[in-house]
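# Coordinates in review
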Amino acid sequence: MTTTSVRGGPRRPARPPRRVYVIRRLVVLGVPLALLALLVVWLAGRGGDAPADARPSSTTSARPTPSPSPTAPRADDELTAVEEAALAAGVSVCAGDLVRVTIKATAETFADKNPSFSIKVTNTGEEACLLDAGDGNRRLVIRSGGDTVFSTSHCRPAEPEGKPLLLGPGMASKETYTWRRVRSAQGCEQGLSAPGAGTYTATLEVAGVEASPTTFTLG
């Protein structure tokens with residue numbers, strides 16, 4: 001009888017399918033990656049819990065706001081002499097619309113004497129006020145037709161003297177001005193010809209308020 005011999009030795013285990021092999025490799029690689037991700041998350045959480053003084057701060061510091069320096073007084077804020085006098089007297093400066101100025105020749109004809117004029121400044125307001133009627137704040141002009149014969153502003157000093165008038169309600173200041181019958185010119189030119197006989201007019205302005213002209217005759 002013929003016998004068939006079988007090879008001895010242990011059998012090799014069957015090779016697992018390829019799908020099982022791929023799953024094992026993914027598991028081996030996935031575990032370290034997952035641990036690394038958890039570590040990153042944990043470290044990030046630790047950084048968020050860091051104390052406030054450990055956090056980086058901006059190196060830019062706020063500049064201190066400079067305190068405003070006092071503003072120097074402007075020239076137009078300075079008080080004039082009449083404003084200072086009014087302040088000292090406890091009254092206001094006379095408003096132009098509450099002042100009436102008049103001038104009138106004391107005669108119709110001046111033959112042998114110098115012409116003179118009666119001047120009156122009246123406070124028409126209901127309260128006392130102060131007015132500067134000095135040469136720097138008034139101007140008397142004498143004309144003959146279109147010829148300006150004389151003006152008090154022609155020879156006015158550089159710093160004319162003031163003449164403060166304290167006027168009560170309805171009060172008036174009166175004075176007489178005498179013209180020496182001489183001609184004047186801008187710059188106070190001397191040696192001008194004397195005015196001749198004829199008809200003249202005199203006008204007056206005080207503190208910006210003009211009076212109606214008065215007419216007279218030189219003989």
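Above: the structure in question.
Residues numbered from 1 in each chain as written. Predicted model: local features only at pLDDT ≥ 70, side-chain atom pairs only at ≥ 80, totals over all residues. Heavy atoms only, no water.

### Brief notes about the sheet that holds strand β1 (residues 92-93)
Rules: Strands are treated as partners if at least two bridges between them are detected by DSSP. In this text, helices come from DSSP runs of H or I with a minimum length of four residues, and strands from runs of E with a minimum of two, each type numbered from the N-terminal end. We call two residues in contact whenever any of their non-hydrogen atoms come within 4.5 Å of each other. An axis is simply a line fitted to the C-alpha atoms; with a helix, the fit covers only the stretch in contact. Between two such axes, the angle follows the N-to-C directions and lies from 0 to 180 degrees.
Within the open sheet, the three strands sit side by side as β1-β5-β8. Their pairing is mixed. Either end of the sheet is taken by a strand with one partner, and the two such strands are β1 and β8 (164-167). One ladder, built from two bridges, connects β1 with strand β5 (residues 129-132); its direction is parallel. Bridging across to β5, Ser92 finds its partner in Cys129. Running at roughly 155 degrees to β5, helix α2 (residues 81-89) makes contact with β1 and β5 of the sheet.

### Some words on the environment of Thr199
Looking at the element boundaries, Thr199 is found in strand β10 (residues 198-206). Spatially, the C-alpha atoms of Thr199 and Ser144 are 6.5 Å apart, while their sequence positions differ by 55 residues. In this structure, Thr199 is in contact with Arg143, Ser144, Thr215, Phe216 and Thr217, ignoring residues within four places of it in sequence.

### Quick notes on the sheet that holds strand β9 (residues 172-178)
Hydrogen bonds along the backbone pair up the strands of a sheet, which may run parallel or antiparallel. Across the sheet, three strands lie side by side as β2-β4-β9; this open sheet has antiparallel pairing. Each edge of the open sheet carries a strand with a single partner, namely β2 (99-105) and β9. Sheet twist, expressed as the average angle between the axes of neighbouring strands with direction ignored, equals 15 degrees. Judged from the seven bridges that link them, strand β4 (residues 116-123) and β9 form a sheet pairing that is antiparallel. When the bridges of β9 are listed, Ile119 appears paired with Glu175.

### Overview of the pairing of strand β7 (residues 147-151)
Relative to β7, strand β6 (residues 138-144) runs antiparallel, the two sharing four bridges. Across the sheet, residue Val141 finds its bridge partner in β7, namely Ser151.

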